[in-house]
Amino acid sequence: MKKLLLFVLLPLLLLIGAGAGAFVAGLIPGFGGQPEPELTAEQKAEMERIANTAPSPAKPSPEGAVFHTLDEFVVNLRSNTGYPVFLLLSLTVELPNEGAVVAVQAQEPRIRDALIVYLSSLTPQQLNGYDGVQNVRNNAWRLLRELVGPDSIVNVQIAKLTVK
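First, a word on scope: everything that follows refers to the structure included in this document. As the structure is a prediction and not an experimental result, all values here were calculated from the model.

What counts as what
Residues numbered from 1 in each chain as written. Predicted model: local features only at pLDDT ≥ 70, side-chain atom pairs only at ≥ 80, totals over all residues. Heavy atoms only, no water. Core = buried A, V, L, I, M, F, W, Y, C linked by side-chain atoms within 4.5 Å. Buried < 20%, exposed > 50% of the residue type's maximum accessible area, 1.4 Å probe, protein only. Helix = DSSP H or I, 4+ residues; strand = E, 2+ residues; numbered from the N terminus. Contact = heavy atoms within 4.5 Å. Patch = residues over 30% accessible without salt bridge, like charges linked within 9 Å, V, L, I, M, F, W, Y side chains within 5 Å. Areas by Shrake-Rupley, 256 points an atom, 1.4 Å probe, with all protein chains shown as cover. Salt bridge = Lys/Arg side-chain N within 4 Å of Asp/Glu carboxyl O. Pairing = 2+ DSSP bridges. Phe/Tyr/Trp six-rings, centres within 6.5 Å; stacked < 30°, edge-to-face > 60°. Lys NZ or Arg CZ within 6 Å of the ring centre and 35° of its normal. Axes fitted to C-alpha atoms, helices over the stretch in contact; angles between N-to-C directions. Parallel < 35°, antiparallel > 145°, perpendicular 65-115°, else oblique. Left-handed = near helix turned anticlockwise from the far one by under 90°. Nonpolar A, V, L, I, M, F, W, Y, C, P; charged D, E, K, R; others polar.

### Thoughts on the nonpolar core
Counting 30 residues, the largest nonpolar core has Leu91, Leu95, Leu119 and Ile153 as its most contacted members. Mapped onto this core, the elements with two or more residues apiece are β2 (73-77), β3 (85-95), α3 (98-120) and α4 (129-148). Residue contributions to this core peak at eight residues, all from α3. Contact partners of Leu119, with chain neighbours within four places excluded, come to Val75, Leu77, Leu87, Leu89 and Val136.

### Notes on a nonpolar patch on the surface
A contiguous nonpolar patch, built from Phe7, Val8, Leu9, Leu12 and Ile16 and spanning about 490 Å² of accessible area, is present on the exposed surface. Residue position: Phe7 is located in helix α1 (residues 2-25).

### Comments concerning the pairing of β3
Counting buried positions along β3 gives nine out of eleven residues, so the element sits mostly inside the fold. Sheet analysis places strand β1 (residues 66-69) next to β3, joined by four bridges and oriented antiparallel. Following the sheet pairing, His68 is matched in β3 by Val93. For β3 and strand β4 (residues 155-163), the ladder comprises eight bridges, and the chain directions are antiparallel. Note that in β4 the partner of Thr92 across the bridge is Gln157.

### Some points on the pairing of β2
Residues Phe73, Val75 and Leu77 point to one face of β2 and are all buried, whereas Val74 and Asn76, pointing to the other face, are not buried. Direction of pairing for β2 relative to β3: antiparallel, over a ladder of five bridges. Residue pairing across strands places Val74 opposite Leu88, the latter belonging to β3.

### Here's the deal with the packing of aromatic side chains
One pass over the structure, following the stated rule, counts zero aromatic pairs. Looking at Arg112, its charged tip hangs above the ring of Phe73, at a distance of 4.4 Å from the centre.

### Remarks on the packing of α3 against α4
Where α3 contacts α4, the two axes come as close as 9 Å, and the packing angle between them is 140°. Judged by the angle between their axes, α3 and α4 are oblique. At the point where α3 passes α4, the crossing takes the right-handed sense. In this structure, α3 contributes Ala103, Val104, Gln107, Arg110, Ile111, Ala114, Leu115, Tyr118 and Leu119 to the contact, and α4 contributes Asn135, Val136, Asn139, Ala140, Leu143, Leu144, Leu147 and Val148. Looking at the contact of α3 with α4 residue by residue, the class counts come to 13 nonpolar, three polar and one charged.

In structure tokens:
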């Protein structure tokens, strides 16, 4: 009987005690312990900035990803010149699967409207260089995620961007 107590019950009690101690001390993730600390305004702003920044165009596609090209956009840019300045834009949206294509196609009129309103507020100078193109890409990413859903968009690629 002493051997049973020594070799079975004592280690069992020791394990139960260690588990209870870890639970109370918050060492087990998701159980007990202190709640997650509140994020500061700066941390929330940084998280939002990251969420609204499109992934790198060179980021590898996940398995099963599909591409859907939206119809080209021709937008009259804001300009102080006496003649109109046009933007020709073609976007390709990377989606996680074939089912997401249906969601994008269902929202395409809203996507076109939101992108045309955004693009028509730009000037030709704002589209110069890498920063201008990246700004268009990030805003297209943000608008697509808002309209289609954050889990339905993997990436957005600019296939063509011409200012004339």
